[in-house]
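# Topology and contacts: notes
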Amino acid sequence: MKIERSSEWEEGFIKKLDHLEKWDSWTLYKMNYDIVKMKLITDFTGLQATKYLPNLKPLTHQLEAAETVIERMNGKAILADEVGLGKTIEAGLILKEYLIRGLVKRALILAPASLINQWIEELNIKFHIPAIAYKKNVPIERYDVLIMSMDTAKKSPHKERIYEQDYDMIIIDEAHKLKNHKTQIYEFVQSLKKKFCLLLTATPIQNDVFELFYLISLLKPGHLGNYDTFQSAFSASKHDLEHNDYLKELVNQVMVRNRREDTGIEWTNRRVQIVPIQFTKEEAEVYDLLGTLQNTGSFSLITLRKEMCSSKEATALTLSKMLEEDNAQSQEVEAILAKLMALEVNSKANKTLEIIEQAQDKVIIFTEYRATQIYLQWYLHSKGITSVLFNGKFNKNKRDYMKHLFKEKAQVLIATEAGGEGINLQFCHHVINYDLPWNPMKLEQRIGRVHRLGQEHDVHIYNLAIANTIEENILALLHTKIDVFEKVVGDLDAILSNFKESV
Amino acid sequence: MYPQQVHSYLRQFFTENDCYIVGEEHHYLTVQLTVDIDKKIMNRPFYWQYVEATNSEPNPAQVTFITNQTASAGSLYGEVIHFGSPRMNQLFQATRELGAYVQMYEKVDTAIGQVILTPWLGVNYKVSYCCDRTKEMLYSFGINLLTGIIKEDFHETLFATELDTVPAEHVFHVQYIIKPIRGLQRLDAAIDAIIAQDDHSWATEAKKRWQRDQRVLDYFYEDVDDKPECYNIEKKALEEQYDAKIKIEIINGGLFYLY
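Thresholds, definitions, all that
Residues numbered from 1 in each chain as written. Chains lettered and ligands numbered in written order. Predicted model: local features only at pLDDT ≥ 70, side-chain atom pairs only at ≥ 80, totals over all residues. Helix = DSSP H or I, 4+ residues; strand = E, 2+ residues; numbered from the N terminus. Rg over C-alpha atoms; globule rule 2.2 N^0.38 Å. Buried ≥ 20, exposed ≤ 12 C-beta atoms within 10 Å, placed from the backbone. Contact = placed C-beta atoms within 7 Å. Pairing = 2+ DSSP bridges. Axes fitted to C-alpha atoms, helices over the stretch in contact; angles between N-to-C directions. Core = buried A, V, L, I, M, F, W, Y, C linked by C-beta atoms within 7 Å. Nonpolar A, V, L, I, M, F, W, Y, C, P; charged D, E, K, R; others polar.

The number of helices and strands found in chain B is 8 helices and 11 strands. The globule rule puts the C-alpha radius of gyration for 259 residues at 18 Å, and the 26 Å found for chain B is more than 25% above it. Judged by the C-alpha coordinates and their principal axes, chain B covers about 80 × 60 × 40 Å. Counting only residues that meet the buried cut, chain B has 30% of its 259 residues in that class. The contacts of chain B with a sequence gap of at least 6 include a subset with a gap of at least 24, amounting to 68%.

Here it is in structure tokens:
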């Protein structure tokens, strides 16, 4: 076995013996010994980190997650707690433990740009880990814990700079962004040395089971076999698979997933419902007319239909762009546009207003379209309801300000999809999913803004869907995807409705 | 380490290093640092570079350390310090540097008459077993530099003894026969012997984990003839993760003249 010993003490000792330097104080000598004895790590197992963090009060499931990752998964794991259970705390504990034990000297954390400041704050203040944000002229070799955005990391010259460093631990937040193995960021992470590695995501499967395969293949290539053996062993196709119990077991060897109900904490209820809406005759007519268009250029009919389910403003924007392009159907398009603009009622917006008025409380509305977002603000304003807008491009100050406005002044927050990550709004108890995304985990992320630690009231979720439109197909697909997730990863809290429906 | 322990640690550390304690209550301590201690614990190398480069008057910091935050109601301005805080780690590091080598003489009751003290070399070792996990052990050894006899738990036995940095007048001490450096080598060998006899199933287990992960990795690239670079990177990562090694470090040590 390798034995490393340092001759440093001996060299100093010789100097003292030769009377080149004064001897040290006996008191400091004893203090030194006592401290080393006190800090001694007498066991391979168990967490040291908690001793060093007297002001942090981790929850039981967070401590258990940290221990499991270190002792059973050897420091390579997917942290897949449901949204709002504190994955960052778990990752911080694990990193701290390895730093204390001297197993990690340098760590790299990749996170979405919008979460970088939050990471820096948490690590520095809660964990006393001096972490710094990557910037072009930061001499990164001098800093041990570096936090940077995935978008920066994957590009030259930054990626080359990172490859030159030697990190012992890689932590990736919102790791579902790595679900596609053909992306730059996937390749970047694949070529990073991952001695210890944590992938954080509440939603390891968003659409299909291959996403999980690729995620695990980054962490521990071969754990689920290679692509061909995986596919044949589990007869996996996009939304269907066999032998899911065996797969689940394999997955659980590298994944920690706490559910709200496992935490021993009293959670408030989630009251989820699908709110069916009928188009007016005029709306239905325009919707059907859209279906008569040919699929052309960069604008798909699916997009148009989804937009029509959202607002005429969103639809009009796309139709106008179609007209700008060289288009053989410009006459048809113009005809539809005219009918569209003549619409006076937005049934979905009406329903939304109804829900808000009934709630008599703060409400978050999620929409997928900026045009709808702005329309809704105008519409609500005309009904005497105050609202603020929120989207993912806002910088931290603006986010904080909008959150503040929402908390103190406005009744409604209207957020676009990108607004879903990284804001915590426990003071609100109503979420309207005005448009449905294709991906059920986006719904989960949205709900997680509100239904998280610190929420004291039951949370009401309203999923709006217009009858006899593409939104019914989206609902069906969402159910299928949730089913795959539950077979492989584990149960989910209610996302679509409180009752399991067969589709 | 409770707030109370942190507090007395600070007081002892600063007093021992000639830093004047300007003010103190049970939950805080204000101290005027010396230049040396400022350099060691305040983390401002650029300031000290500047002072030295410009030959200006050095102005070491005066700091208030709040040792018990719950008790410090009101507007006390200062730095909160507790076990695990970065400043505390710097103090520990400074203690480590400033308490590494001693030469001590046992105090003997003059009534006994003339006494002769025997030279000992005492050394405190920290041994770490490392793979993807770690465990540490502390060994304290003393070697009699006349006879070569080795005593375990040497540091603990010194507690019962009163020691001083200078020998009393009526006390003689024998020069060592075994040179201290030679004594150190013998203690190193004693540590090696202890390690050799220890149970190393931890290393065997780590090796098993390593092999298991290596097999999984090989399986992933089984059908690839020309292994890509990421295969080699992963392979190296596994080695760094699991490869078992033992680190031996000396915490401190010194010459002890004992009755």
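There's more to say after this.
Take the sheet that holds strand 9 (residues 270–277) of chain A next. Within a sheet, neighbouring strands are paired by backbone hydrogen bonds and run either parallel or antiparallel to one another. Residue and element names in this part refer to chain A. With respect to topology, 6 strands assemble into an open sheet ordered 9-14-13-10-12-11, the strand pairing being parallel. In the strand order of this sheet, the two ends are held by strand 9 and strand 11 (387–390), each with one partner. Taken pair by pair, the neighbouring strands of this sheet meet at an average axis angle of 20°, ignoring direction. In terms of strand pairing, strand 11 meets strand 12 (residues 412–416) through 4 bridges, oriented parallel.

The nonpolar side chains of a soluble globular protein tend to be buried, and buried together. Counting residues in each nonpolar core, the largest one holds 128 residues, and the members touching the most others are M169 and I364 of chain A. Contact partners of I364 of chain A, with chain neighbours within four places excluded, come to L413, A415, L425, C428, H430, V431 and V450 of chain A. W9 of chain A together with L29, M88 and I250 of chain B belong to the second largest nonpolar core, which has 50 residues in total.

We now examine the interface of chain A and chain B. In this complex, chain A contributes 54 residues to the contact, which on the side of chain B involves 58 residues. Of all the secondary structure elements, the ones that give two or more residues to the side of chain A that touches chain B are strand 1 (2–5), helix 1 (8–17), helix 2 (26–39) and helix 3 (49–52) of chain A. Looking at which element gives the most residues to the side of chain A that touches chain B, the answer is helix 2 of chain A, with 11 residues. Partitioning the side of chain A that touches chain B into residue classes produces 24 nonpolar, 16 polar and 14 charged. Of the strand pairs in this sheet, strand 1 of chain A and strand 11 (residues 245–258) of chain B are connected by 4 bridges, and their pairing is parallel. Each residue of the ladder has a partner; that of E4 of chain A, found in strand 11 of chain B, is K247 of chain B.

Residue and element names in this part refer to chain A. Within the open sheet, the 7 strands sit side by side as 4-5-3-6-7-2-8. Their pairing is parallel. At either end of the open sheet lies a strand with only one pairing partner, and these are strand 4 (131–133) and strand 8 (255–256). Across the face of the sheet, helix 6 (residues 116–127) comes into contact with strand 3 (107–111), strand 4 and strand 5 (145–149) while running at roughly 165° to strand 4.

Purely geometric numbers; function is a separate question.
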